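Below are the chains, spelled out letter by letter.
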Amino acid sequence: MHVAINGWFWDQQSTGSGQYLRHLVPNLKKVSPDLQLSLILPPHIQDPDDAPASVNLIKTRNSGLPSNALRRVAKVFFEQRSFPRAAREIGADLAHVPYWAPPLSSPVKLVTTVLDVIPLQFPIYNRGLLTGLYTSLVSVAARGSNGIITISETAKLDIEDYLGIPEDKISVAYLSHDTGFHPRWGRERDAAVREKYDLPERFVLYLGGFDWRKQVNMLLLAYTYVAEADGDAFPLVIAGREPAWDDQLFPDMRAYSSKLGIDDYVRWIGFVDEEDKPSLYRLADVFAFPSRYEGFGLMALEALASGTPVVTSKALVFEEVLEDAVYMVDNAREMAGAIIALLIQQPLRETMINQGLALASKYSWRKTAQETLAVYEDVLRS
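Structure report, in brief. Just so it is clear, the model here is predicted, and its values are computed rather than measured. Residue numbers restart at each chain and count upward from 1, following the sequence in its written direction. Whole-chain, interface and lining totals are the exception, using all residues; otherwise, since this is a predicted model, local features are given only for residues with pLDDT of at least 70 and side-chain atom pairs are given and counted only at 80 or more. Heavy atoms from the whole structure form the basis of all side-chain values; hydrogens and water molecules are not counted.

### A few points about the pattern of salt bridges
Next up, step 1: One side-chain nitrogen of Lys or Arg within 4 Å of one carboxyl oxygen of Asp or Glu is enough to make a salt bridge. Under the criterion given, the structure shown has 15 salt bridges.
Next up, step 2: Here E294 makes a salt bridge to K214, at a shortest N to O gap of 2.7 Å. Of this pair, E294 sits in the loop between β11 (286-289) and α10 (298-305) while K214 sits in the loop between β8 (204-207) and α7 (216-230); the two residues are 80 residues apart in sequence, bridging distant segments of the chain. Per residue, the accessibility class of E294 equals that of K214, and both read buried.
Next up, step 3: For D330, the salt bridge goes to K314, with nearest N and O atoms at 3.4 Å. Helix and strand assignments come from DSSP, with helices taken as H or I runs of at least 4 residues and strands as E runs of at least 2, each series counted from the N terminus. Here the term buried applies to any residue with accessible area under 20% of the maximum for its type, exposed to any over 50%, and partly exposed to those in between, with areas from a 1.4 Å probe on protein chains only.

### Some details on a negative patch on the surface
Next up, step 1: Without a salt bridge and with relative accessible area above 30%, a residue can belong to a patch; like charges are then joined within 9 Å and nonpolar side chains (Val, Leu, Ile, Met, Phe, Trp, Tyr) within 5 Å. Per-residue and other accessible areas were derived by the Shrake-Rupley procedure at a 1.4 Å probe size, with only the shown protein chains allowed to occlude residues. We count Lys and Arg on the positive side and Asp and Glu on the negative side, and we leave His and both chain ends out. By convention, the point assigned to a charge is CZ for Arg, NZ for Lys, CD for Glu and CG for Asp. On the surface, D230, D232, D263 and D264 cluster together into a negatively charged patch.
Next up, step 2: Position of D264 relative to the elements: it lies in the loop between α8 (253-260) and β10 (266-270).

### Overview of the sheet that holds strand β5 (residues 109-113)
Next up, step 1: For two strands to be treated as a pair, DSSP must find no fewer than two bridges joining them. The seven strands lie next to each other as β3-β2-β1-β4-β5-β6-β7, forming an open sheet whose pairing is parallel. On the outer flanks of this sheet lie β3 (56-59) and β7 (170-172), each paired with one strand and no other. On average, each strand axis in the sheet is tilted by 25 degrees relative to the strand beside it, whichever way the strands run.
Next up, step 2: In terms of strand pairing, strand β4 (residues 94-97) meets β5 through four bridges, oriented parallel. Along β5, the bridge assignment pairs A95 with L110.
Next up, step 3: It only takes one pair of heavy atoms within 4.5 Å for two residues to be counted as in contact. Helix axes use the C-alpha atoms of the stretch in contact, all axes being lines fitted to C-alpha atoms, and the angles between their N-to-C directions lie in the range 0 to 180 degrees. Across the sheet, helix α5 (residues 153-163) touches β6 (147-150) and β7, and the angle it forms with β7 is around 165 degrees.

### Focus on α5
Next up, step 1: All of the buried residues in α5 are T154, A155, K156, D158, I159 and L163.
Next up, step 2: Buried positions along α5 lie against α3 (118-121), α4 (129-143), β6, β7 and α11 (316-321).
Next up, step 3: G164, located one to two residues past α5, shows a positive phi value of around 70 degrees.

### Details of the side chain of Q80
Next up, step 1: Within the element layout of this structure, Q80 appears in helix α2 (residues 71-89).
Next up, step 2: Pairing of N or O atoms within 3.5 Å defines a polar contact, subject to two protein rules: one partner must be a possible hydrogen donor and the other a possible acceptor, and residues neighboring in sequence count only if both atoms are side-chain atoms. Looking at Q80, its side chain comes within polar contact range of the main-chain nitrogen of L104, at 2.8 Å.

### Some thoughts on the sheet that holds strand β9 (residues 236-239)
Next up, step 1: The sheet built from six strands is open, its strands ordered β10-β9-β8-β11-β12-β13 with parallel pairing. Here the strands that pair on one side only, and so sit at the sheet edges, are β10 and β13 (327-329). Adjacent strand axes in the sheet meet at a mean angle of 25 degrees when their direction is disregarded.
Next up, step 2: In terms of strand pairing, strand β12 (residues 310-313) meets β13 through three bridges, oriented parallel. Counterpart to S313 in the pairing with β13 is V329.

### Section: the nonpolar core
Next up, step 1: Of all hydrophobic cores here, the largest spans 119 residues; its most connected members are I5, L28, L205, L322 and I339.
Next up, step 2: If we ignore the near neighbours within four places in the chain, the residues touching L205 are V237, A239, L280, Y281, A284, V286, F287 and A288.
Next up, step 3: Core analysis: the next-biggest nonpolar cluster, separate from the first, contains six residues, I118, F122, Y125 and L249 among them. Buried Ala, Val, Leu, Ile, Met, Phe, Trp, Tyr and Cys residues that are joined via side-chain atoms within 4.5 Å together make up what is termed a nonpolar core.

### A few points about a nonpolar patch on the surface
Next up, step 1: A surface patch of nonpolar side chains, amounting to about 330 Å² of accessible area, comprises L129, L130 and L133.
Next up, step 2: Looking at the element boundaries, L129 is found in helix α4.

### With respect to the pairing of β9
Next up, step 1: Burial along β9 is two-sided: the residues L236 and I238 and V237 and A239 are all buried.
Next up, step 2: For β8 and β9, the ladder comprises four bridges, and the chain directions are parallel. In the strand pairing of β9, L205 is matched with V237.
Next up, step 3: Here is how to tell: hold the view so the strands point away, follow the path from the first strand over the helix to the second, and if it runs clockwise the crossover is right-handed. Viewed along the sheet, the connection from β8 through α7 into β9 turns out right-handed.
Next up, step 4: One ladder, built from four bridges, connects β9 with β10; its direction is parallel. Among the inter-strand pairings, V237 is bridged to a residue of β10, identified as R267.

### Considerations on the packing of aromatic side chains
Next up, step 1: Stacked, tilted and edge-to-face pairs are distinguished by plane angle, under 30 degrees for stacked and over 60 for edge-to-face with tilted covering the rest, among Phe, Tyr and Trp rings (Trp via its six-membered ring) whose centres lie within 6.5 Å. With the rule as written, the count across this model stands at 19 aromatic pairs.
Next up, step 2: Arranged with centres 5.8 Å apart and planes meeting at 50 degrees, the rings of F289 and F318 form a pair that is tilted. Placement of F289 in strand β11 and of F318 in helix α11 is noted, with a sequence separation of 29 residues between them.
Next up, step 3: F318 sits in the buried class, given a relative accessible area of 0%.
Next up, step 4: Put simply, the rings of F181, Y281, F287, F289 and F318 pair up and form one aromatic cluster.

Below is the structure:
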């Protein structure tokens, strides 16, 4: 079997699509050494020195677009023209687009991974003419795929509802944490990471995005209660690249923190390098993840695998993926109570850590690859 994989996100390892691609490709080779894999790269990725040696690297030709063309235009050209053409030219049996952007027409059988359908569920993510047209394009194209892979049963139901794709055409292959997320392995780097980001001795951590669905405002409001208890001893560390704040998709969380009067208890450390994340989780006393919707919730699983207790919102996907290994809450007051309890009640803390480690052990990228390979085989047989 020869599979061509869209490699647009190979150089974007801090994104969900980039992490998925970079873990899936090497693990597919591990579970099926005879599988022929070709990673088809866009022109802007020249010589990736971190691609597996056993994978063929196919560089597509420059699109011929003007040098000042928008990046999103070049992306659409690659997805709709360059990638399917390259798949045909190398004689692939099947093409896999590991994110929601399949070509409208594919010369070979096509599998698409749809991580979520957030732009259809929440109109705030589908603003502007170009964004709306792109969402319409990929929605229509996804319906033409021979097989759809998604990352949770929750996401599967949403794909059925919003894209109208039959249940029997959608397969679930859960994500996993990297083996570097561990309570002990790699601890020799922890001190250097603490110094690099000037981390306090003890702290509660948020790591992620700042868009509307992440509900960072809930966490900040919760911290008004935590601060009353002992905010000096347990400050809130907020990690992640800050956006250009606006009034809708990215409401200004710094301004909200000031309005709540908790600036003295909040530390913003900005973007965190991928190799530093395991230490950051290990060093935290609690990881707070108040998101109202995720396709999977990988960062919460990474924290659990690192031996850090987690507080989340009561989102359906967390009930599915994280089960009873996290403390789920409905609102800011409950989140504050959960955080305080995990900070001061040692028996509860140890129970949640053990349950988290047990749950994390159920997930592996090897299993993800095995389930993905099964989809490839089913599509080629059909």
